[in-house]
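Structure at a glance
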Amino acid sequence: MRILLSNDDGYFAPGLEQLATALSTRADITVVAPERDRSGASNSLTLDRPLSVRRAPNGFLFVNGTPTDCVHLLDELPDMVISGINFGANMGDDTIYSGTVAAATEGYLLGIPSIAISLASTTARHFETASDIAIDFVERHRRRMAAPWLLNVNVPDVPRAEVNGIKITRLGRRHRAEDVIRTQSPRGETVYWVGAAGPAADAGDGTDFHAVEQHFVSVTPLQIDLTNRDQMTEVGEWLER
């Protein structure tokens, strides 16, 4: 198997190194990741300048671009794309902004089975649990080839023995983000920090939030079609008036 690994935390991120080490004995691994933290880059492509690819001492390739860019820079398509292990959850509304999910999305759009895997934590104590889950997914693919799905996987930050299993979930929802923080730089310039993500709003049974809270691995199949079919008739009637 040939697997492309990427992320949005940058090529130096411990989660990416943990994932590459875990999978290196099970597949032919190529790592292409951004040269710096591109969290929140979403599905952006770099179109205003050329991209350069360099090799780090550990053999990872790093790019002066986005996670989405990284998936396009191989001469031959891989058998699978795995993006992560992200430091922090990518649940609910997070998936819209996540560069981790974006790299997997690009693989999916190329017709490749793709997985975004995140450690749902602010302390990142158990990357090894998430890497064990990634190994499990790869072995499942080896036994029975996965379809070109886009899977968003969130792993609770607990020892592997405390994981209660895997649940298929839907995306939950967050409350609106906190307000933008306005402050001044040391030079007296007005600067702004985007507010933190809001707490979970829709986090009931069946959601990714609920599964992770109960120490289950959350697996959410994603799709790209943003059409709101439920509103098509209503909008059409509004336009006719």
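1. Describing the overall build of the chain
Across its full length, the chain carries seven helices and 13 strands. For the chain, the C-alpha radius of gyration of 19 Å lies close to 18 Å, the compact-globule estimate for 241 residues. Once local pairs closer than 6 in sequence are excluded, the contacts in the chain between residues at least 24 apart make up 75%.

2. Thoughts on the packing of aromatic side chains
Scanning the model with the defined rule gives two aromatic pairs in all. Ring centres of tyrosine 11 and phenylalanine 12 lie 5.6 Å apart, and the angle between their planes is 70°; this geometry places the pair in the edge-to-face category. Overall, the relative accessible area of 23% leaves tyrosine 11 in the partly exposed class. Aromatic pair tyrosine 11 and phenylalanine 62: ring centres 4.3 Å apart, planes at 15°, arrangement stacked. Taken as a pair, tyrosine 11 in the loop between strand E1 (2-6) and helix H1 (14-23) and phenylalanine 62 in strand E4 (residues 61-63) lie far apart in primary sequence, 51 residues in all. Here phenylalanine 62 falls in the buried class, since its relative accessible area comes to 13%.

3. Overview of the side chain of asparagine 86
Its location among the elements puts asparagine 86 in strand E5 (residues 80-87). In this structure the side chain of asparagine 86 is engaged in a polar contact, spanning 2.8 Å, whose partner is the backbone oxygen of glycine 88. In terms of polar contacts, asparagine 86 uses its side chain to reach the side chain of threonine 100, at 2.9 Å.

4. Digging into unusual backbone geometry
Of the consecutive residues glycine 84 and isoleucine 85, the connecting peptide bond is found in the cis state with omega at -5°. With respect to the element layout, isoleucine 85 can be found in strand E5. If you check the backbone angles, alanine 124 has positive phi at about 55° while not being a glycine. As for its position among the elements, alanine 124 is in the loop between strand E6 (114-120) and helix H5 (127-143). Unusually for a residue other than glycine, histidine 215 sits at a positive phi of about 65°. In this fold, histidine 215 is placed in the loop between helix H6 (208-213) and strand E13 (217-221).

5. What about a nonpolar patch on the surface?
Nonpolar side chains collect at one region of the surface, where Leu51, Val53 and Leu73 lie side by side and expose about 200 Å² of accessible area between them. Residue valine 53 is classed as partly exposed on the basis of its relative accessible area, which comes to 43%.

6. Side note on the layout of surface pockets
Each pocket or cavity is described by its volume, and for the second largest pocket that value is around 490 Å³. At the level of elements, helix H3 (94-97) and helix H4 (99-109) are the ones that each hand at least two residues to the lining of the second largest pocket. Counting residues per element, the lining of the second largest pocket draws most heavily on H4, at three residues. Taken together, the residues that form the lining of the second largest pocket break down as nine nonpolar, eight polar and two charged.

7. Some details on the pattern of salt bridges
Under the defined criterion, the tally for this structure stands at seven salt bridges. Among the salt bridges present, the one from arginine 2 reaches aspartate 79, with a minimum N-O distance of 3.6 Å. Residue arginine 2 is found in strand E1, and its partner aspartate 79 is found in the loop between helix H2 (67-70) and E5; the two are separated by 77 residues along the sequence. Notably, a salt bridge pairs arginine 140 with aspartate 136, separated by 2.7 Å at the nearest N-O pair. Of this pair, arginine 140 and aspartate 136 both sit in helix H5, separated by four residues, roughly a single helical turn. Accessibility expressed as a relative area gives 44% for arginine 140, which makes it partly exposed. Each of Arg2, Glu76 and Asp79 takes part in one network of salt bridges that share partners.

8. Let's talk about the packing of H1 against H5
At their nearest, the axes of H1 and H5 sit 9 Å apart, and the two run at 45° to each other. The orientation of H1 with respect to H5, classified from their angle, is oblique. Judged by the twist between their axes, the crossing of H1 over H5 is right-handed. Residues Pro14, Gly15, Gln18, Leu19, Ala22 and Leu23 of H1 form the contact with H5, whose participating residues are Phe127, Glu128, Ser131, Ala134, Ile135 and Val138. Tallied by class, the residues present in the contact of H1 with H5 amount to eight nonpolar, three polar and one charged.

9. Digging into the side chain of threonine 220
Topologically, threonine 220 is positioned in strand E13. Beyond its immediate sequence surroundings of up to four residues, threonine 220 is in contact with Leu150, Leu151, Asn152, Thr169, Arg170, Leu171 and Asp208.

Reading the values: the criteria
- Residues numbered from 1 in each chain as written.
- Predicted model: local features only at pLDDT ≥ 70, side-chain atom pairs only at ≥ 80, totals over all residues.
- Heavy atoms only, no water.
- Helix = DSSP H or I, 4+ residues; strand = E, 2+ residues; numbered from the N terminus.
- Rg over C-alpha atoms; globule rule 2.2 N^0.38 Å.
- Contact = heavy atoms within 4.5 Å.
- Phe/Tyr/Trp six-rings, centres within 6.5 Å; stacked < 30°, edge-to-face > 60°.
- Buried < 20%, exposed > 50% of the residue type's maximum accessible area, 1.4 Å probe, protein only.
- Polar contact = N/O pair within 3.5 Å; in protein donor to acceptor, adjacent residues only side chain to side chain.
- Patch = residues over 30% accessible without salt bridge, like charges linked within 9 Å, V, L, I, M, F, W, Y side chains within 5 Å.
- Areas by Shrake-Rupley, 256 points an atom, 1.4 Å probe, with all protein chains shown as cover.
- Salt bridge = Lys/Arg side-chain N within 4 Å of Asp/Glu carboxyl O.
- 1 Å grid on protein atoms, 1.4 Å probe; cavity = no way out; pocket = protein on both sides within 12 Å on 5 of 7 lines; lining within 4 Å.
- Points joined across faces, edges and corners; volume = space filled by probe spheres on them.
- Nonpolar A, V, L, I, M, F, W, Y, C, P; charged D, E, K, R; others polar.
- Axes fitted to C-alpha atoms, helices over the stretch in contact; angles between N-to-C directions.
- Parallel < 35°, antiparallel > 145°, perpendicular 65-115°, else oblique.
- Left-handed = near helix turned anticlockwise from the far one by under 90°.

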